[in-house]
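The residues making up each chain are set out below.
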Amino acid sequence: MMRVKTAVVLGSGGHTGEMVKLLSGMDLEMYRPIEFIIAETDKMSAQKIEQLRDVGKKFDYRINLIKRSRSVGQSYLTSIFTTIMAILYSIPLIYRIRPQLLLVNGPGTCIPCCIITFVLSRILCLIPECKIVYVESICRVKKLSLTGKILYSLRLADSLIVQWPELKQAYPQSVYIGQLV
Amino acid sequence: MKNVFVTVGTTKFELLIDTVLSDKVLEIFNKHGFNKVIVQIGNGNHENIFPNISWEKSSIANLKKKNLEIEAYRFKSSLKEDFKKADLVISHAGSGSIIESLEANKKLIVVCNEDLMDNHQFELAEKMSQLGYLLYTTCSSLITTFDRLKDSDLKLKKYEPGNPRLFGNYLNNNIFS
């Protein structure tokens, strides 16, 4: 069976909840091992991941901790600095993981990973091809989140998936396949 | 036992809790046959109503007001049980709370926190309200909204949950086919 090594960036609260639901709809025998990338400050996400463990089935995953690029409410000026630090931390991590798929759904933590993955894989060709898939939160009905807007305008994602038809209309390059969570 | 479950999620919504526990609203709950109100208060300061409630996760405060049993706590690791036994849910506009309540097939009133007007959360509450899954209101209009819920002409639609399998299939067919 084809295996796809998958990296998943998890963020605070609602984002993790949605990502766990998305993963539950995937064939985890195919998309494995899963390398979770979690901000150091996030205590809850590791617990939520365990919900995916099906009794009897092997759930092949690992947790990697990363410095957070921007905290909720942090000023945009200091965010630039912390984002640069996060980007630098991501480089050895992504290089080591060499994912074939990078799954992200929104927290600021995911942008450095997306940029690094794109650069290492598509521009510098230092790691094999990695598909980047971004799923916008169900909360976003009319407008993309800041993360979504950045990824959309930089065209970093192979697929930028939205969960409401209004967003597909506003962002024609996005993908709409229905409500996912 | 007919229960109302009020949830404010991970932060706080003091105005909602104060409104829900006001004499006027409690009388209405009484009138409509509710016996118990369970309030999940988050980080809110409600010392005037619950002087004994601590910050410990398991701390529960109880009191009786207007013939109703009132139970309050800050947080629980899972609200599943409280959603399950509720006959009516009154919730802040957080997506997690909204979806959990709808998936439990509960009558739901979502209350917008006007102090958080910039918060993107409202888009979802508004959309779900347009789709007919819930009623969406503010603290000041809670009473009239509650009356609407009792209106026999009002039919809230049955919630169709999201389907993560669509995502799995998309990946298989479009990204890694």
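First, a word on what this report is: a plain description of the structure on this page. (Residues numbered from 1 in each chain as written. Chains lettered and ligands numbered in written order. Predicted model: local features only at pLDDT ≥ 70, side-chain atom pairs only at ≥ 80, totals over all residues. Heavy atoms only, no water.)

### Overview of the overall build of chain B
Stage number 1. Counting its secondary structure elements, chain B contains seven helices and seven strands.
Stage number 2. Reading the helices (α) and strands (β) of chain B from amino to carboxyl end gives β-α-α-β-β-β-α-β-α-β-α-β-α-α.
Stage number 3. On C-alpha atoms alone, chain B measures out to a radius of gyration of 17 Å, which is about the 16 Å that the 2.2 N^0.38 rule sets for 177 residues.
Stage number 4. Within chain B, the proportion of its 177 residues that are buried is 50%.
Stage number 5. In chain B, the proportion of contacts linking residues at least 24 apart, taken out of those at least 6 apart, comes to 65%.
Stage number 6. As displayed, chain B has an accessible area near 8900 Å², and 46% of this comes from carbon and sulfur atoms. (Helix = DSSP H or I, 4+ residues; strand = E, 2+ residues; numbered from the N terminus. Rg over C-alpha atoms; globule rule 2.2 N^0.38 Å. Buried < 20%, exposed > 50% of the residue type's maximum accessible area, 1.4 Å probe, protein only. Contact = heavy atoms within 4.5 Å. Areas by Shrake-Rupley, 256 points an atom, 1.4 Å probe, with all protein chains shown as cover.)

### Section: the overall build of chain A
Stage number 1. Across its full length, chain A carries six helices and seven strands.
Stage number 2. Element order for chain A, N to C, with α for helix and β for strand: β-α-β-α-β-α-β-α-β-α-β-α-β.
Stage number 3. Here the C-alpha atoms of chain A give a radius of gyration of 16 Å, agreeing with the 16 Å that 2.2 N^0.38 yields for 181 residues.
Stage number 4. Taking the principal axes of the C-alpha coordinates as reference, chain A spans close to 45 × 35 × 35 Å.
Stage number 5. Scored against the burial criterion, the 181 residues of chain A give a buried share of 50%.

### Let's talk about the packing of aromatic side chains
Stage number 1. Applying the stated criterion across every chain, the model contains ten aromatic pairs over all chains.
Stage number 2. Here tyrosine 31 of chain A and phenylalanine 176 of chain B contribute two aromatic rings whose centre-to-centre distance is 5.9 Å and whose plane-to-plane angle is 65°, an arrangement assigned as edge-to-face. In this pair, tyrosine 31 of chain A sits in the loop between helix 1 (14-24) and strand 2 (34-39) while phenylalanine 176 of chain B sits in the segment after helix 7 (164-175), so the two residues belong to two different chains.
Stage number 3. Measuring from ring centre to ring centre gives 5.1 Å for tyrosine 152 of chain A and tyrosine 171 of chain A, while their planes differ by 75°; the resulting arrangement is edge-to-face. In this pair, tyrosine 152 of chain A is assigned in helix 5 (residues 146-154) and tyrosine 171 of chain A in the loop between helix 6 (165-170) and strand 7 (175-176), connecting sequence segments 19 residues apart.
Stage number 4. Owing to a relative accessible area of 16%, tyrosine 171 of chain A belongs among the buried residues under this scheme.
Stage number 5. Taken together, the ring pairs connect Phe36, Phe59 and Tyr61 of chain A into an aromatic cluster.
Stage number 6. The aromatic ring of tyrosine 95 of chain A is capped on one face by arginine 98 of chain A, whose charged end is 4.9 Å from the ring centroid. (Phe/Tyr/Trp six-rings, centres within 6.5 Å; stacked < 30°, edge-to-face > 60°. Lys NZ or Arg CZ within 6 Å of the ring centre and 35° of its normal.)

### A look at the sheet that holds strand 7 of chain A
Stage number 1. In spatial order, the strands read 3-2-1-4-5-6-7 (chain A); together these seven strands make up an open sheet with parallel pairing. Where the open sheet ends on each side, the last strands, each with one partner, are strand 3 (61-66) and strand 7 of chain A.
Stage number 2. Across three bridges, strand 1 (residues 6-10) of chain A lies against strand 4 (residues 101-104) of chain A in parallel orientation. Following the sheet pairing, threonine 6 of chain A is matched in strand 4 of chain A by leucine 101 of chain A.
Stage number 3. Strands strand 1, strand 2 and strand 3 of chain A of the sheet are contacted by helix 3 (residues 76-97) of chain A, whose axis makes an angle of about 160° with strand 3 of chain A.
Stage number 4. Together, strand 4, strand 5 (131-135), strand 6 (159-162) and strand 7 of chain A form the strand contacts of helix 7 of chain B, whose direction differs from that of strand 5 of chain A by roughly 150°. (Pairing = 2+ DSSP bridges. Axes fitted to C-alpha atoms, helices over the stretch in contact; angles between N-to-C directions.)

### Quick word on empty space enclosed by the protein
Over the atoms rolls a probe the size of a water molecule, and in doing so it shows where empty space is left.
Residue and element names in this part refer to chain B.
Stage number 1. Counted by the stated rule, this structure contains one cavity of 30 Å³ or more.
Stage number 2. As a volume, the largest cavity reaches approximately 30 Å³.
Stage number 3. Lining the largest cavity we find Val25, Ile28, Phe29, Ile90, Leu142, Ile143 and Phe146.
Stage number 4. Mapped by element, the contributors of at least two residues to the lining of the largest cavity are helix 2 (23-31) and helix 6 (142-150).
Stage number 5. Classifying every residue of the lining of the largest cavity by side-chain character gives seven nonpolar, no polar and no charged. (1 Å grid on protein atoms, 1.4 Å probe; cavity = no way out; pocket = protein on both sides within 12 Å on 5 of 7 lines; lining within 4 Å. Points joined across faces, edges and corners; volume = space filled by probe spheres on them. Nonpolar A, V, L, I, M, F, W, Y, C, P; charged D, E, K, R; others polar.)

### Notes on unusual backbone geometry
Stage number 1. For the peptide bond that leads from arginine 32 of chain A to proline 33 of chain A, omega is 0°, which places it in the cis range.
Stage number 2. Relative to the assigned elements, proline 33 of chain A resides in the loop between helix 1 and strand 2.
Stage number 3. A positive phi angle, near 55°, is found at asparagine 105 of chain B, a position not held by glycine.
Stage number 4. Structurally, asparagine 105 of chain B can be placed in the loop between helix 4 (95-103) and strand 6 (108-112).

### Regarding helix 4 (residues 110-123) of chain A
Residues and elements named next belong to chain A.
Stage number 1. Across its 14 residues, helix 4 extends 19 Å between first and last C-alpha, which sits within 8% of the 20 Å expected from 1.5 Å per residue.
Stage number 2. Of all the 14 residues making up helix 4, ten are buried; the element is thus mostly covered by neighbouring parts of the structure.
Stage number 3. Of the residues one or two after helix 4, cysteine 125 is the one with positive phi, at around 50°. (Expected span 1.5 Å × (residues − 1).)

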